[in-house]
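# Geometric and topological summary
The residues making up each chain are set out below.
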Amino acid sequence: MEFIFEYGMFLAKVLTVVFGILGVLITAVSLLNKQSDSKKGVLEINQLNEQYENMSETLLLSSLNSHEQKLKLKELREGKKKKSKSEKLLAKSSKHDIKPKKKVYIIDFNGDVRATEVDNLREEVTAITTQASSSDEVVVRLESGGGTVHGYGLAASQLDRLKKKGIALTVCVDKVAASGGYAMACVADQILAAPFAMIGSIGVVAQLPNFNRLMKKNDIDFEMLTAGEYKRTLTLFGENTQKGREKFVEDLEDIHDLFKEYVHERRPAMDMASVATGEVWLGARAKELNLVDSIQTSDEYIGDCIDESDVFEIKYVIKKSLIDRLGIAAETSLDRLFSKWWARLTQGTEKSF
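Here goes a summary of the coordinates provided. (Residues numbered from 1 in each chain as written. Predicted model: local features only at pLDDT ≥ 70, side-chain atom pairs only at ≥ 80, totals over all residues. Heavy atoms only, no water.)

### Notes on the sheet that holds strand S3 (residues 137-143)
With mixed pairing, seven strands are arranged side by side in an open sheet as S1-S10-S2-S3-S4-S6-S9. Because the sheet does not close on itself, it has two edges, and the strands there are strand S1 (42-47) and strand S9 (294-295). Pairing between strand S2 (residues 103-110) and S3: seven bridges, direction parallel. Across the sheet, residue isoleucine 107 finds its bridge partner in S3, namely valine 140. In the packing of helix H2 (residues 48-62) onto the sheet, contacts are made with S1, S2 and strand S10 (310-317), and the angle to S1 comes to roughly 40°. Together, S1, S2, S3 and S10 form the strand contacts of helix H4 (residues 118-129), whose direction differs from that of S2 by roughly 170°. (Pairing = 2+ DSSP bridges. Helix = DSSP H or I, 4+ residues; strand = E, 2+ residues; numbered from the N terminus. Contact = heavy atoms within 4.5 Å. Axes fitted to C-alpha atoms, helices over the stretch in contact; angles between N-to-C directions.)

### A look at the packing of aromatic side chains
Considering all chains together, one arrives at four aromatic pairs under this definition. Ring geometry for tyrosine 105 and phenylalanine 312: centres 6.0 Å apart, planes at 25°, overall stacked. Pair noted here: tyrosine 105 is in strand S2 and phenylalanine 312 is in strand S10, with a separation of 207 residues, a long-range link. The same class applies to tyrosine 105 as to phenylalanine 312, namely buried. With a centroid separation of 6.2 Å and an interplanar angle of 75°, the aromatic rings of phenylalanine 109 and tyrosine 152 are classed as edge-to-face. Pair noted here: phenylalanine 109 is in strand S2 and tyrosine 152 is in helix H5 (residues 149-164), with a separation of 43 residues, a long-range link. Side by side, phenylalanine 109 and tyrosine 152 carry an identical accessibility label, which is buried. Ring pairs connect the aromatic residues Phe211, Phe222 and Phe237, which therefore count as one cluster. The ring of tyrosine 230 has lysine 247 sitting right over it, with the charged end atom 5.1 Å from the ring centre. Over the ring of tyrosine 262 we find arginine 266; its NZ or CZ atom is 3.6 Å from the centre of that ring. (Phe/Tyr/Trp six-rings, centres within 6.5 Å; stacked < 30°, edge-to-face > 60°. Buried < 20%, exposed > 50% of the residue type's maximum accessible area, 1.4 Å probe, protein only. Lys NZ or Arg CZ within 6 Å of the ring centre and 35° of its normal.)

### Regarding a negative patch on the surface
On the surface, Asp299, Glu300, Asp304, Asp307 and Glu308 cluster together to form a negatively charged patch. You can see aspartate 304 is positioned in helix H11 (residues 298-308). Here aspartate 304 falls in the partly exposed class, since its relative accessible area comes to 42%. (Patch = residues over 30% accessible without salt bridge, like charges linked within 9 Å, V, L, I, M, F, W, Y side chains within 5 Å. Areas by Shrake-Rupley, 256 points an atom, 1.4 Å probe, with all protein chains shown as cover. Salt bridge = Lys/Arg side-chain N within 4 Å of Asp/Glu carboxyl O. Lys, Arg positive; Asp, Glu negative; His and termini not counted. Charge placed at Lys NZ, Arg CZ, Asp CG, Glu CD.)

### Let's talk about the sheet that holds strand S8 (residues 280-282)
In spatial order, the strands read S5-S7-S8; together these three strands make up an open sheet with mixed pairing. Two strands in the sheet have a free side with no partner beyond their single neighbour: strand S5 (176-178) and S8. Put simply, the sheet's adjacent strands are angled 30° from each other on average, direction ignored. By the bridge criterion, three bridges tie strand S7 (residues 198-200) to S8 in an arrangement that is antiparallel. Counted as the bridge partner of isoleucine 199 is tryptophan 281 from S8.

### Section: the pattern of salt bridges
What the rule picks out here adds up to 15 salt bridges. Close ionic contact of glutamate 313 with arginine 141 constitutes a salt bridge, the shortest N to O distance being 2.5 Å. Remark: arginine 141 occurs in strand S3 and glutamate 313 occurs in strand S10; sequence separation between them is 172 residues. Judged by its relative accessible area of 23%, glutamate 313 is partly exposed. With a shortest N-O distance of 3.3 Å, arginine 266 and glutamate 265 are connected by a salt bridge. A residue is classified by how much of its surface remains accessible, and arginine 266, at 26% relative accessible area, is partly exposed. What emerges from the salt-bridge pattern is a single network uniting Asp108, Arg141 and Glu313.

Structure, rendered in structure tokens:
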């Protein structure tokens, strides 16, 4: 009996310690989750004028010997002091007559199939619209091969917000702006493309596998109940009908018509019958078809802007703690294994362009 009593006391102590540790861990995790939920993104701003100037000076100095470097550094410092002094004097003497220098805001959009960067784009556009005027400009470095209709439709609408505010919009395509990516690009006042950038693909696609025959072969029943004649047209596991296929194609054609109308409203000079075939053209050929306005890389265009304007690179980012990053890394590796397979499996359930 004494042994059982002592063992019970020992067990009670162990359980007390275990539950105490668990309580602390649960509280810590709860606090971390609350902090994570309350986190907000930050707007990172980088003025490219200074960056380009520093790069130019570094390259210049590296080509000189030590004596020449000292002389050049002295010359550069004196030049900057004189420039700063003259700008201050000019500002004081004609404070109300100075025309503000044009500002150019640069944002990046690297689109995936679901246009997940649209959340960041929304915040970047919101920030810019609070400060930019009609004399300023937004340059979007766009890279996307397209994706879901609703995702890229929303992304294009975010760029439309800039146009409605009267802010000049330029889209630069260095690699690809196709399908949904081109739907975004065509909102711009001008589209610039690198010579071998892929442009176009004004079309709509949907595809999905069907496992119905495999299920029948293995005596597996599948039931799907719907209310509404066309609640489901094509499915993964049910038996697809010709009527369902025809309705599905009809929906695709309707989306394609809306896509063509959307592009034509913004690029009326294009011959839609020639370009709305789902084909993709390289930059030089795309210019001949009026899909783009000029053959030029984003680096070249931004370099020209820096000579005359204050150029700011804008990026909205959400800062994550170490715990968040470790959790996301583990989650991402597992998600990739599943999502690639599932995306292929269900791609046809979401119309894409």
